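Listed below are the residues making up each chain.
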Amino acid sequence: MNEKRIREELAQVFHPAKDKSIIDLGMVQDVRIEGETATVTLAFSKHRDPLAEYLMDATRAAIMRALGKGFKAEVKTVIKEEPKAAKKGLELDNSELEEVGQIIGISSGKGGVGKSTVAVNLAIALARLGYKVGLADADVYGPSVPKMTGTEGAVPEALREGEKDIILPVEKYGVKWMSIGYFTTPEQALIWRGPMACNALKQMIQQVRWGQLDFLLIDMPPGTGDIHISLVHDIPLTGAVIVSTPQDVALADVEKGVNMFRNPNVNKPILGLVENMAWFTPEEHPQEKYYIFGKDGGLRMAQKYDIPLLGQIPLVQSIREGGDAGEPAALGSRPDSLAFLELAGKL
């Protein structure tokens, strides 16, 4: 009965800042009476409450009102962790990747080195060699796969299976394609913070019905940021292929990419390096080579870090024209087309 009276009085002790009683706020963790001593334990969050002293004094007064003279009032405090808010976003799994053989990230230390061009043409070259191939465009800020494959305007079909939404990839040139670009307009800027971009990336990979594949290539955004960390932690990546151009500025950023994948917290193998724009060859003079970005920079970098040099792709007008027209160079039989087929064979 004495404990009941104490709790009735404590229900009249209001937290001035929250306009609720300490009972309603769940701050009264324990009420105990032993002999002539009544002890109330108040729970405060780990952040210091500036009104803690006031509430403790008010609690002592409430105990004395409930029990009267002859009792001793004590107030103890404990620290209670605030419950963590539930994580927002999609709880995804890798069940849709169970039939995928090798998952390979196509990475670059900086933008502008032709990483997406290499990724798209490599996917088509692998398909031409008889493999089942898919490509996920993980460059969520600058998706270029729809443009380069002539699939702009395609809208992937979505299915509902139980509690799970499944996205069907777009198929063309013998490759299954998926990109955030299929869900936005070409002129739309994606103004996303890191966690939003990472969730979009997971959807682009884990929620797609890839089916049976020998290779799933992931066209990663340039750099070494949140998306890369999310990718290597959440996706069972086989390894990475790094794309660079020969000049020192690009190769300096390649070193950062190499160190990221070799960091003990990441620890993913680097399967090889591709030197893109290795030389310029005029269409009228296919035997001539002009090393406008420097010669063999990628080769030296590969030797320095003991990475296989998978290929040297020339800078020729037809590769750019094919990408702009949605007809990648790897579809043809020209020397630049054969360079991608040779790259695919080595990979």
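Now for a look at the structure at hand. Computed from a predicted model, the values in this text were never measured in an experiment.

## A few points about the side chain of Asn 121
Part 1: Tracing the sequence through the fold places Asn 121 in helix α3 (residues 115-128).
Part 2: Of note is the side chain of Asn 121, whose polar atom sits 2.8 Å from the backbone oxygen of Thr 117.
Part 3: Sequence-distant contacts of Asn 121, defined by excluding residues within four places in its chain, comprise Pro 328, Ala 329, Ala 330 and Phe 340.

## Structural notes on the environment of Met 27
Part 1: Take Met 27: it is sitting in the loop between β2 (20-21) and β3 (28-34).
Part 2: Separated by 15 residues in sequence, Met 27 and Leu 42 have C-alpha atoms that sit 5.3 Å apart.
Part 3: With residues up to four places along the chain from it excluded, the contact list for Met 27 reads His 15, Ile 22, Thr 41, Leu 42, Ala 43, Phe 44 and Leu 55.

## Topic: the sheet that holds strand β6 (residues 100-107)
Part 1: One open sheet holds the eight strands; their spatial order is β10-β11-β7-β12-β6-β13-β14-β15, and the pairing between them is mixed. At either margin of the open sheet sits one strand with a lone partner, and together these are β10 (170-172) and β15 (309-315). Geometrically, the sheet is characterised by an average inter-axis angle of 25° between neighbouring strands, direction not taken into account.
Part 2: Relative to strand β12 (residues 213-219), strand β7 (residues 133-137) runs parallel, the two sharing five bridges.

## A word on unusual backbone geometry
Part 1: In the Ramachandran plot, Tyr 173 falls in the positive-phi region, its phi being about 60° despite a non-glycine side chain.
Part 2: Here Tyr 173 is to be found in the loop between β10 and β11 (175-179).
Part 3: Even without glycine at this site, Met 277 takes up a positive phi of about 55°.
Part 4: With respect to the helices, strands and loops of the structure, Met 277 is situated in strand β14 (residues 270-280).
Part 5: Its relative accessible area of 18% is what places Met 277 among the buried residues.

## Some details on the pattern of salt bridges
Part 1: Following the criterion strictly, the structure yields nine salt bridges and no others.
Part 2: Close ionic contact of Asp 57 with Arg 60 constitutes a salt bridge, the shortest N to O distance being 2.7 Å. Of this pair, Asp 57 and Arg 60 both sit in helix α2 (residues 52-67), three residues apart, roughly one helical turn.
Part 3: Exposure remark for Arg 60: the relative accessible area of 30% places this residue in the partly exposed category.
Part 4: The residue Asp 219 makes a salt bridge to Lys 115 at a minimum N-O spacing of 2.6 Å. Here the residue Asp 219 occupies a position in strand β12, and Lys 115 occupies one in helix α3, the gap between them amounting to 104 residues. Grouping residues by exposure puts Asp 219 and Lys 115 together as buried.
Part 5: Because the salt bridges share partners, they merge into one network encompassing Glu 96, Glu 161 and Arg 209.

## Focus on the pairing of strand β9 (residues 164-167)
Part 1: In terms of strand pairing, strand β8 (residues 158-161) meets β9 through four bridges, oriented antiparallel. Directly across from Ala 158, in β9, lies its bridge partner Ile 167.
Part 2: Where β8 folds back onto β9 in an antiparallel hairpin, the turn is made up of two residues, including Gly 162, whose phi is positive at roughly 65°.

## Observations concerning the sheet that holds strand β4 (residues 37-45)
Part 1: Taken in spatial order, the three strands make up an open sheet running β3-β4-β5, and their pairing is mixed. Each edge of the open sheet carries a strand with a single partner, namely β3 and β5 (72-80). Each strand axis lies, on average, 20° off the axis of its neighbour in the sheet, ignoring direction.
Part 2: Sheet analysis places β3 next to β4, joined by six bridges and oriented antiparallel. Counted as the bridge partner of Asp 30 is Thr 41 from β4.

## Quick look at the packing of aromatic side chains
Part 1: Enumeration over the complete set of coordinates arrives at two aromatic pairs.
Part 2: The interplanar angle of 90° and the centroid separation of 5.2 Å between the aromatic rings of Tyr 131 and Phe 215 together place this pair among those described as edge-to-face. One end of the pair, Tyr 131, is in the loop between α3 and β7; the other, Phe 215, is in strand β12, and 84 residues separate them in sequence.
Part 3: Taking relative accessible area as the criterion, Tyr 131 reaches 37% and is therefore assigned partly exposed.
Part 4: Aromatic pair Phe 280 and Tyr 290: ring centres 6.5 Å apart, planes at 40°, arrangement tilted. Linking Phe 280 in strand β14 with Tyr 290 in the loop between β14 and α8 (297-304), this pair joins segments that are 10 residues apart in sequence.

## Brief notes about the layout of surface pockets
Part 1: A volume near 360 Å³ is recorded for the largest pocket.
Part 2: Trp 279, Pro 314, Val 316, Pro 335 and Asp 336 are, among the 22 residues lining the largest pocket, the residues nearest its centre.
Part 3: Listing elements by their share of the lining of the largest pocket, those giving two or more residues are β15, α9 (317-325) and α10 (335-346).
Part 4: Here the lining of the largest pocket is composed, by residue class, of nine nonpolar, six polar and seven charged.

## Here we look at a nonpolar patch on the surface
Part 1: Together, Phe 280, Tyr 290 and Ile 292 make up an exposed nonpolar region whose accessible area comes to about 290 Å².
Part 2: Assessed through its relative accessible area of 32%, Phe 280 is described here as partly exposed.

The rules behind each value
- Residues numbered from 1 in each chain as written.
- Predicted model: local features only at pLDDT ≥ 70, side-chain atom pairs only at ≥ 80, totals over all residues.
- Heavy atoms only, no water.
- Helix = DSSP H or I, 4+ residues; strand = E, 2+ residues; numbered from the N terminus.
- Polar contact = N/O pair within 3.5 Å; in protein donor to acceptor, adjacent residues only side chain to side chain.
- Contact = heavy atoms within 4.5 Å.
- Pairing = 2+ DSSP bridges.
- Axes fitted to C-alpha atoms, helices over the stretch in contact; angles between N-to-C directions.
- Buried < 20%, exposed > 50% of the residue type's maximum accessible area, 1.4 Å probe, protein only.
- Salt bridge = Lys/Arg side-chain N within 4 Å of Asp/Glu carboxyl O.
- Phe/Tyr/Trp six-rings, centres within 6.5 Å; stacked < 30°, edge-to-face > 60°.
- 1 Å grid on protein atoms, 1.4 Å probe; cavity = no way out; pocket = protein on both sides within 12 Å on 5 of 7 lines; lining within 4 Å.
- Points joined across faces, edges and corners; volume = space filled by probe spheres on them.
- Nonpolar A, V, L, I, M, F, W, Y, C, P; charged D, E, K, R; others polar.
- Patch = residues over 30% accessible without salt bridge, like charges linked within 9 Å, V, L, I, M, F, W, Y side chains within 5 Å.
- Areas by Shrake-Rupley, 256 points an atom, 1.4 Å probe, with all protein chains shown as cover.

Everything listed is a geometric property; what it means functionally is a separate question.
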